[in-house]
Amino acid sequence: MNSEVMNFMNTLKAHNPNEPEFHQAVYEFISSVMPFIEKNPQYRKYKILERMVEPERVIIFRIPWVDDQGEIQVNRGFRVEVNSAIGPFKGGLRLHPSVNLSVLKFLGFEQVYKNALTGLPMGGGKGGSDFDPKGKSDNEVMRFCQSFMLELFRYIGPNTDIPAGDIGFGAREVGYCFGMYKKIMNEFTGVFTGKSTDWGGSFIRPEATGYGSVYFAQEMLKTRSENLDKKICLVSASGNVAQYTVEKLIQLGAKPVTFSDSDGYIYDESGINKEKLDFVMHLKNVCRGRIKEYTEKFRDAIYTPVDKTLDHNPLWNHKADCAFPCATQNEINKKDALNLLQNGVYLVSEGANMPTTPEGVHQFLAAKILYGPGKAANAGGVAVSGLEMSQNSQRLSWERAEVDRRLHQIMQKIHNQCVKYGKEGNFTHYVNGANIAGFVRVANAMIDQGIV
Ligand code: NDP
C-alpha cells in the first residue's frame, strides 16, 4: 500500500471505528485517486478527500410499529446524506437485517461517484433500516413504511433528497412510503423515484440497473470486437437487478444459467429462457417464493443449498464466459474470483454494489479481464431515476423506447469515461477509470462552491 494511502486510511479508521464496509469502499476509491491527485495537486490544497469522506449529514432514528399479533416492534432507521455538490442527495433505501451505519456509509459513498458518472445533476446518499420485509404481511410492511416516513419526511424533498429502492425496497415499499409522504406534506411531488408508471414513475426504471449492467458488458466486449451472442453467463440473486440482467441477456442471445437467493442457487445447463424467467418473476415478485421452487417446475435444473462451511460459493464454479453478481456486497471472495478465472470467465459486470472483495478485485485486475466495477456497471438504475426526476419536473412521461435509448447512451458514455481515465496501454483499468472520472466531477464542483 502506498504510504499516503496508508496514512489516510489509518486516520479514517481511527475516526470511524467498526465500519469495515465503509473503510473498504474508501480504500478502493483513494487507491485510484491518490496517484491522480499527486499529478493534480490543486485537489490537495482544498482538502477535497478529507471533505469527501465526511458525510454532510447522518440521521439515525427510531421506527416503532405494530405487527399482526398486536406486538410493538422497534427498528432503526437511517439516512446518510453524503455529498450534494452536483445535485440533491440521491440514493436508495435498503431494508435488510444486515443494515447498519457502516453499510449505508459505504453505499452512500459509492453512490456519489456513480451518480457523477451518469452526467446528471445528482448528489449521493443512502438510507434504510434493519427491518426485514421477508415473511412479513403486506399490512406489516405498510405499517413499517408509514412509521419510517413519519420521521424521514423531515429530511427529504424533490429538491433536497430523493430516495429510491434497493434490497428489500421495491415497488410496494416505494408506494407505501410515497403515500405517507404525500399525506403528511399535502403535496404530490417527485420525492421518490421507482414509482409506478400510473402515478409518476418512468418506463424502464425497474429494468434499468439490470439492462444497464448488460449494456456496460456489451461496451466492454466491443473493445475486443466481441458481443454477447451465445456467451454463457453466471448471474447471482433473483431480485430486481438479477431478473432484468437475465432478461436483457436473453434478448441479446446470451445463455444465462444460474439464479440464486440467500438460501441457495439453481444451475440450469440448458439455459434460462423467457418462459423460465417469467416463472422466476412471478415466483419472486408475486408469490414471494424461494428460488428452490425453480427445480420443482424445471426438473433438469440443479438446486444447491447454501453451505456455510464452504470457503467459496459454488455458483461461481461453473464453466462460463461472463459473470454478473447481482446480490450484495462481498459475495465474490478471492477463491470465487480464482474459480471464475479457472472456469474461463473473462468478463465481470457488477450489478450489485461492491460485490467483490479487494482480494477478488486484485485477481481480476492481475488477470487483465474485462472487469466493470459496480460504480460504473450498475449506474443505469440511478441514471433512469435521474430521467424520472426530469420527467416529473416537466410533468411529462417519455415513451419506453425513448428512455431505453437514453439509458443505452448514458451507459456508453460511462464506459467512455472509464476508458478515458483508466486506459493503461491496451488494457482498461475500469476501477481507476470510474473512480477518477467521478472524483473529478465532484471535486471540481466542491472547489467552485467554496468551503461549505
Ligand atoms: P432485491 O431486494 O430485489 O433482490 C436482492 C437479491 O439478492 C435477492 O435475490 C436476495 O435473496 C439476494 N441477497 C440479498 N442479500 C443477500 C445475501 N446476504 N446473501 C445472498 N443473497 C442475498 O434487490 P436489488 O436487486 O434491487 O439489489 C441487488 C443489488 O444491486 C444490491 O447490491 C443493490 O445495492 C444493487 N443495486 C440495485 C439497484 C436498483 O436499482 N435496485 C441500483 C444499483 C445497485 P433473498 O431474497 O433470499 O434475500
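Report follows, based on the coordinates. (Residues numbered from 1 in each chain as written. Predicted model: local features only at pLDDT ≥ 70, side-chain atom pairs only at ≥ 80, totals over all residues. Heavy atoms only, no water.)

### Considering helix α10 (residues 274-286)
When the terminal C-alpha atoms of α10 are compared, their 17 Å separation across 13 residues agrees well with the 18 Å that a helix rising 1.5 Å per residue should span. Looking at the packing, one finds that the buried side of α10 touches α9 (240-251), β8 (258-261) and α11 (294-297). Where α10 starts, the residue carrying a side-chain oxygen 3.2 Å from the main-chain nitrogen of Glu275 turns out to be Asn273. Backbone geometry just downstream of α10 places Arg288 in the positive-phi region, at approximately 50°. (Helix = DSSP H or I, 4+ residues; strand = E, 2+ residues; numbered from the N terminus. Expected span 1.5 Å × (residues − 1). Contact = heavy atoms within 4.5 Å. Polar contact = N/O pair within 3.5 Å; in protein donor to acceptor, adjacent residues only side chain to side chain.)

### Describing the site of the ligand
As a matter of local geometry, the ligand sits amid 24 residues, with Asp166, Thr209, Ser262, Arg290 and Asn353 nearest to it. At a separation of 3.0 Å, an oxygen atom of the ligand approaches a polar backbone atom of Val241. Gly351 places a main-chain nitrogen or oxygen 3.4 Å from an oxygen atom of the ligand. Compared with its free state, where it exposes 890 Å², the ligand has 82% of that area covered by protein. (Near = heavy atom within 4 Å. Areas by Shrake-Rupley, 256 points an atom, 1.4 Å probe, with all protein chains shown as cover.)

### Considering the layout of surface pockets
Size it by volume and the second largest pocket reaches roughly 440 Å³. Around the second largest pocket sit 25 residues that line it, and Gly190, Met389, Gln391, Asn392 and Ser393 are the ones nearest its centre. For the lining of the second largest pocket, the leading source of residues is helix α15 (residues 380-394), giving six residues. Of the residues belonging to the lining of the second largest pocket, the class tally is 10 nonpolar, 13 polar and two charged. (1 Å grid on protein atoms, 1.4 Å probe; cavity = no way out; pocket = protein on both sides within 12 Å on 5 of 7 lines; lining within 4 Å. Points joined across faces, edges and corners; volume = space filled by probe spheres on them. Nonpolar A, V, L, I, M, F, W, Y, C, P; charged D, E, K, R; others polar.)

### Some thoughts on the packing of aromatic side chains
All told, the structure shown has 23 aromatic pairs when counted by the stated rule. Taking 5.8 Å as the distance between ring centres and 70° as the angle between the ring planes, the aromatic pair formed by Phe216 and Tyr430 counts as edge-to-face. One end of the pair, Phe216, is in helix α8 (residues 205-222); the other, Tyr430, is in helix α17 (residues 430-448), and 214 residues separate them in sequence. One aromatic cluster is present, built from ring pairs that chain together Phe22, Phe29, Phe36, Tyr43, Phe109, Tyr113, Tyr421 and Phe439. Directly above the ring of Tyr211 sits Lys248, whose terminal nitrogen or CZ lies 4.3 Å from the centroid. Just above the ring of Phe298 sits the side chain of Lys276; from NZ or CZ to the centre is 5.8 Å. (Phe/Tyr/Trp six-rings, centres within 6.5 Å; stacked < 30°, edge-to-face > 60°. Lys NZ or Arg CZ within 6 Å of the ring centre and 35° of its normal.)

### A look at the nonpolar core
The biggest cluster of nonpolar side chains holds 77 residues, and the ones touching the most others in it are Phe216, Phe259, Phe324 and Ile414. When residues in this core are grouped by element, the largest group, eight residues, is from α8. Viewed by domain, this core spans two of them, domain 2 (55-188) and domain 3 (208-377), each represented by three or more residues. Phe324 has contacts with Ser213, Val214, Ala217, Cys233, Leu234, Val235, Ser236, Thr245, Leu249, Trp316, Leu347 and Ser349, leaving out every residue within four places of it along the chain. (Core = buried A, V, L, I, M, F, W, Y, C linked by side-chain atoms within 4.5 Å. Buried < 20%, exposed > 50% of the residue type's maximum accessible area, 1.4 Å probe, protein only. Domains from an automatic or database assignment.)

### Regarding helix α2 (residues 20-39)
Between its first and last C-alpha atoms α2 spans 29 Å; for 20 residues at 1.5 Å apiece the expected length is 28 Å, and the two agree. At Val33, α2 shows its maximal bend, which comes to roughly 30°, and the proline Pro35 appears one to four places after that position. (Bend = angle between axes of the 7 residues up to and from the residue.)

### Examining the sheet that holds strand β3 (residues 89-95)
Read across the open sheet, the five strands follow the order β1-β2-β4-β3-β5; overall the sheet is mixed. In this open sheet, the two strands that pair with only one neighbour each are β1 (57-66) and β5 (161-164). Sheet twist, expressed as the average angle between the axes of neighbouring strands with direction ignored, equals 20°. Taken together, the four bridges between β3 and β5 define a ladder with parallel strand orientation. Note on β5: the bridge partner recorded for Lys90 is Ile162. On the sheet, helix α6 (residues 138-152) packs against β1, β2 (72-83), β3 and β4 (124-129) and is oriented at approximately 140° with respect to β1. (Pairing = 2+ DSSP bridges. Axes fitted to C-alpha atoms, helices over the stretch in contact; angles between N-to-C directions.)

### A few points about the environment of Tyr294
Residue placement: Tyr294 occurs in helix α11. Relative accessible area serves as the criterion here: at 0%, Tyr294 is assigned to the buried category. Sequence separation between Tyr294 and Leu283 is 11 residues; the distance between their C-alpha atoms is 8.6 Å.

### Re the sheet that holds strand β11 (residues 322-324)
Strands sit in the order β7-β6-β11-β12-β13 across an open sheet of five strands; the sheet is parallel. Across the chains shown, the open sheet's two edge strands, defined by having one partner strand only, are β7 (255-256) and β13 (370-372). Bridge analysis of strand β12 (residues 347-349) against β13 gives three bridges, and the strand direction is parallel. By the bridge assignment, Ser349 is partnered in β13 with Gly372. Here α9 sits on the sheet in contact with β6 (232-235), β7 and β11, set at roughly 170° to β6.

### Considering a nonpolar patch on the surface
On the surface, Val66, Ile72 and Val74 cluster together into a nonpolar patch covering about 280 Å² of accessible area. Following the sequence through the fold, Ile72 ends up in strand β2. Accessibility expressed as a relative area gives 63% for Ile72, which makes it exposed. (Patch = residues over 30% accessible without salt bridge, like charges linked within 9 Å, V, L, I, M, F, W, Y side chains within 5 Å. Salt bridge = Lys/Arg side-chain N within 4 Å of Asp/Glu carboxyl O.)

Don't take any of this as a statement about function, it's just geometry.
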